[in-house]
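Spelled out from the first residue to the last, the chains are:
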Amino acid sequence: MGSNEEFHVVTGAFGYTGKYITQRLLSLGKKVRTITGHPNRLNPFGGKVSISPFNFDNPGELVKSLRGATTLYNTYWVRFSYKQVTFDKAVENTKTLIKAAEEAGVRRIVHVSITHASESSPFPYFRGKGTLEKTICQSDMSYAIIRPTVLFGHEDILINNIAWLLRRFPLFAVLGSGNYQIQPVFVEDVAELAVKAGQYEENMTMDAVGPEIYAFHDMVQLIAEKVHSKARILYLRPELALFFSRLVGYLVNDVILTRDEVYGLMSNLLVSGNPPTGKTRLSDWLSDNAERIGIIYASELGRHYT
Ligand SMILES: NC(=O)c1ccc[n+]([C@@H]2O[C@H](COP(=O)([O-])OP(=O)(O)OC[C@H]3O[C@@H](n4cnc5c(N)ncnc54)[C@H](OP(=O)(O)O)[C@@H]3O)[C@@H](O)[C@H]2O)c1
C-alpha cells in the first residue's frame, strides 16, 4: 500500500463484525488493511485487503501496520478468558493497539464495545469493555464507541447454537425464568452504523440495537418454531443450566456459555433503553434463513484457537 494513499484499518476482517465493516468500506471505495490473529486464513477479499498480524508483543510493528491510516475500526476482544488470553490480557492488548494507533497518527477510532459496558460492572467482560471505553475517551484520537447488544447474522454463534441445540436435543434448558430481555441486532446494521460513525469527527458513544425486544424464552420459542424443533423447553436454575452447557461443550469441544453471559443476560444487559439503530428484524431474518441456521455448530474455540 503506497504511503500517500488514505486507508482504514479494521481488526478481524476475516471474522464476523470486522468482515462486514470491511465489505462496507470496500463498497465505498476505501482501501483497507486488516490486523488479525489469523494472517494466513483464506482472504475472502483477495488483493483488496492487505494483512498484518496483531503483533501485540511487538508494538513497533503494530505502529507500522497503522501508520498512514485515517481510521481504526477495532473489533478485537475475547468472549471469555481461555488459556493465556484472559480478559486482563485482552484489555492490555487493546491498550497496546490504541497507543500504537495514536503513535501512528491515526485520526479516529471506531471501537466496538457492548451495551452497559462499565468499569464498575461485576462481570469481567463488561468491566474490561468499560475500562477500554475510558482509555479511548482519553486518547488523542477522536472516537465513536459503538455498543451492540447481541449480534445475529450468518457467522453468528449464540443464536446459531441455540438453533443447533433445538434441532438436535429433545430438551432445551432456559436459564431461570426466561423473562429477562434480549434485543438482538443484525451484524450488517452494526457495520453500517460503525462505518457511518467513522465518517464524522465528533466524539460519540451509542448503543447499536435492533428493532425487536424479546423475553429470552420467547426468542427461544421463536427460533424453535422457525427450525421446526419439537424440543421441550425446561426452566432450570442458572448453575444447573451452566452444568449441562458444560456437558454439551465437552461433546463439541467448545465453551457454549459462560457465567458472564448467563448473569449478564439475566441482568438485562443485552437490551438498551435507547431507540433502535438497526432496522433488520430477527423474526424476518430467521424466516429467511430458517433452512441454514443451526445446521452446523459454530465453535468459538474452533474459530480462535486453531
Ligand atoms: N458477537 C456478538 O454477539 C457481540 C455482541 C456485543 C458486542 N460484541 C463485540 O463486537 C466485537 C466483535 O465481535 P465479533 O463477535 O464480531 O468477534 P470476531 O470477529 O470473532 O473477533 C473480533 C476480533 O477479535 C479477535 N479475537 C476474538 N477472540 C479472540 C481470542 N480468543 N484470541 C485472540 N483474538 C481473538 C479476532 O481475531 P482474528 O482476527 O484472528 O479472527 C478478531 O480480530 C467485539 O468487540 C465484541 O465484544 C459482539
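Our structure is the block above this text.
Not measured: the values here are computed from a predicted model.

Novice: Go over the packing of helix α5 (residues 158-168) against helix α7 (residues 216-226), please, and point to the residues and values.
Specialist: In the contact formed by α5 and α7, the axes pass within 9 Å of each other and the chain directions differ by 60°. In this structure, α5 crosses over α7, and the sense of that crossing is right-handed. Residue-level inspection shows I159, I162, A163 and L166 of α5 in contact with α7, the latter providing F216, M219, V220, I223 and A224. Across the contact of α5 with α7, the residue classes break down as nine nonpolar, no polar and no charged.

Novice: Let's hear about the site of the ligand: which residues, and what values?
Specialist: Looking at the ligand, there are 24 residues lining it, with T17, T36, H38, Y125 and K129 nearest. In the environment of the ligand, an oxygen atom lies 2.9 Å from a nitrogen or oxygen atom belonging to the backbone of Y16. In the environment of the ligand, a nitrogen atom lies 3.2 Å from a nitrogen or oxygen atom belonging to the backbone of W77. Considering the ligand on its own, with 870 Å² of exposed area, one finds that the protein chains cover 88% of that surface. Residue classes in the shell around the ligand are distributed as twelve nonpolar, eleven polar and one charged.

Novice: Can you explain the sheet that holds strand β6 (residues 142-148)? Please cite residues and give values.
Specialist: Pairing in this open sheet of seven strands is parallel, and the strands run β3-β2-β1-β4-β5-β6-β11 from one edge to the other. The open sheet terminates on both sides in strands that have one partner only, identified here as β3 (49-53) and β11 (204-208). Taking the axes of each pair of neighbouring strands and ignoring which way they run, one obtains an average angle of 20° across the sheet. As judged from the four bridges shared by strand β1 (residues 7-11) and strand β4 (residues 69-74), these two strands associate in the parallel manner. Note that in β4 the partner of V9 across the bridge is L72. Its contacts with the sheet put helix α1 (residues 17-27) on β1, β2 (31-36), β3 and β4, and the angle it makes with β1 is roughly 165°. Here helix α2 (residues 59-66) sits on the sheet in contact with β1, β2, β3 and β4, set at roughly 160° to β2.

Novice: Account for the packing of α1 against helix α6 (residues 187-198), naming residues and giving values.
Specialist: Running from N to C, α1 and α6 point in directions that differ by 55°, and their axes come no closer than 9 Å. With respect to each other, α1 and α6 are oriented oblique. As α1 packs across α6, the resulting crossing turns out to be right-handed. Side by side, α1 and α6 meet where T17, Y20, I21, R24 and L25 of the first sit next to V187, E188, V190, A191, E192, A194 and V195 of the second.

Novice: Mind laying out the nonpolar core, listing which residues take part and the relevant values?
Specialist: A general feature of soluble globular proteins is that nonpolar side chains tend to end up buried together. Membership of the largest hydrophobic core comes to 97 residues, with the highest contact counts inside it found for L66, L166, F216 and M219. When residues in this core are grouped by element, the largest group, eight residues, is from helix α3 (residues 87-104). In contact with L166, other than residues within four places in its own chain, are F172, V220, I223, A224, V227, S229 and A231.

Novice: Help me get a handle on the pairing of β1, residues and values and all.
Specialist: Put simply, side chains in a regular strand alternate between the two faces of the sheet. With five of five residues buried, β1 is to be regarded as a mostly interior element. Burial along β1 is two-sided: F7, V9 and T11 and H8 and V10, pointing in opposite directions, are all buried. One ladder, built from five bridges, connects β1 with β2; its direction is parallel. The residue of β2 that forms the bridge with H8 is V32. Read from β1 through α1 to β2, the crossover connection turns out right-handed.

Novice: Any chance you could break down the pattern of salt bridges for me, citing the residues and the numbers?
Specialist: The tally for this structure, following the rule as stated, stands at twelve salt bridges. With a shortest N-O distance of 3.9 Å, K134 and E119 are connected by a salt bridge. You can see K134 sitting in helix α4 (residues 124-137) and its partner E119 sitting in the loop between β5 (108-112) and α4, a full 15 residues away along the chain. Across the pair D189 and K279 runs a salt bridge, and its minimum N-O distance is 3.6 Å. Taken as a pair, D189 in helix α6 and K279 in the loop between α9 (259-266) and α10 (282-289) lie far apart in primary sequence, 90 residues in all. Residues joined in a network through salt bridges with shared partners are D189, E192, K196 and K279.

Rules of the game
- Residues numbered from 1 in each chain as written.
- Predicted model: local features only at pLDDT ≥ 70, side-chain atom pairs only at ≥ 80, totals over all residues.
- Heavy atoms only, no water.
- Axes fitted to C-alpha atoms, helices over the stretch in contact; angles between N-to-C directions.
- Helix = DSSP H or I, 4+ residues; strand = E, 2+ residues; numbered from the N terminus.
- Left-handed = near helix turned anticlockwise from the far one by under 90°.
- Contact = heavy atoms within 4.5 Å.
- Nonpolar A, V, L, I, M, F, W, Y, C, P; charged D, E, K, R; others polar.
- Near = heavy atom within 4 Å.
- Polar contact = N/O pair within 3.5 Å; in protein donor to acceptor, adjacent residues only side chain to side chain.
- Areas by Shrake-Rupley, 256 points an atom, 1.4 Å probe, with all protein chains shown as cover.
- Pairing = 2+ DSSP bridges.
- Parallel < 35°, antiparallel > 145°, perpendicular 65-115°, else oblique.
- Core = buried A, V, L, I, M, F, W, Y, C linked by side-chain atoms within 4.5 Å.
- Buried < 20%, exposed > 50% of the residue type's maximum accessible area, 1.4 Å probe, protein only.
- Right-handed = clockwise from strand over helix to strand, strands pointing away.
- Salt bridge = Lys/Arg side-chain N within 4 Å of Asp/Glu carboxyl O.

Function cannot be inferred from these measures alone, as they are strictly geometric.
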